[in-house]
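Observations on the model geometry
Single-letter residue listing:
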Amino acid sequence: MNLRKYRYSVSDTYLDYEFDSEGPRGRIRKIVRYRPRDIDGITYVNLGFGDLDPKTGRIDDLVITNNQDRDLILATVAATVLEFTGRFPDATVFAMGSTPARTRLYQIGIAIHWNEIEPLLHISGYEQNEGWQPFRRGVNYKAFLITRK
């Protein structure tokens, strides 16, 4: 995908990605963290994302930065998904916003860029009554599963 994005650094394990949001509120460190999880014998990788709390070193996924660079941030997170799944092509990435509004924002971003995403990734969305389904525009999902094609 040829979207404008921030430069990011990646850890030696390719599980942690860091970049700085820059805007009216200054420079804010962002973290994208991939963590393996296992539930009932099903292994997946959870995508965590948020601001780095400089005091605790933890990710704050509820803070509202409002640095007026949303599209750059989403493009950067998407770039980490592509890099991560390129390094670990058998991984299944689970992504869900920390709030319903953020999950909806992810869905909108996927829908807008679907023609560029679809050749590279399989994306399924979770519908409350239907379970996991291949991504379709116009459907409200609760979460997403992403794998490399």
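Residues numbered from 1 in each chain as written. Predicted model: local features only at pLDDT ≥ 70, side-chain atom pairs only at ≥ 80, totals over all residues. Heavy atoms only, no water.

Below, the discussion takes up the pattern of salt bridges. Taken as a whole and judged by the stated rule, the model has nine salt bridges. One salt bridge connects Asp20 with Arg29, and the closest N-O pair in it is separated by 2.7 Å. Relative accessible area serves as the criterion here: at 31%, Arg29 is assigned to the partly exposed category. Note that Lys149 and Glu118 form a salt bridge whose closest N and O atoms lie 2.8 Å from each other. One end of the pair, Lys149, is in the segment after strand 9 (144-148); the other, Glu118, is in the loop between helix 3 (114-117) and strand 7 (121-127), and 31 residues separate them in sequence. Classification of Glu118 as partly exposed rests on a relative accessible area of 34%. Because the salt bridges share partners, they merge into one network encompassing Asp16, Arg33 and Arg35. (Salt bridge = Lys/Arg side-chain N within 4 Å of Asp/Glu carboxyl O. Buried < 20%, exposed > 50% of the residue type's maximum accessible area, 1.4 Å probe, protein only. Helix = DSSP H or I, 4+ residues; strand = E, 2+ residues; numbered from the N terminus.)

For the rest of this paragraph, the subject is helix 2 (residues 100-112). Here helix 2 contains 13 residues, and its C-alpha end-to-end distance of 18 Å stays within 8% of the 18 Å for a straight helix at 1.5 Å per residue. By the burial criterion, the buried members of helix 2 are Thr103, Gln107, Ile110 and Ala111. Viewed end-on, helix 2 has its buried residues packed into an arc of 95°, placing them on one side of the element. In this structure, helix 2 carries Ala101 and Ile112 as exposed residues pointing more than 90 degrees from its buried face. (Expected span 1.5 Å × (residues − 1). Arc of directions from axis to C-beta.)

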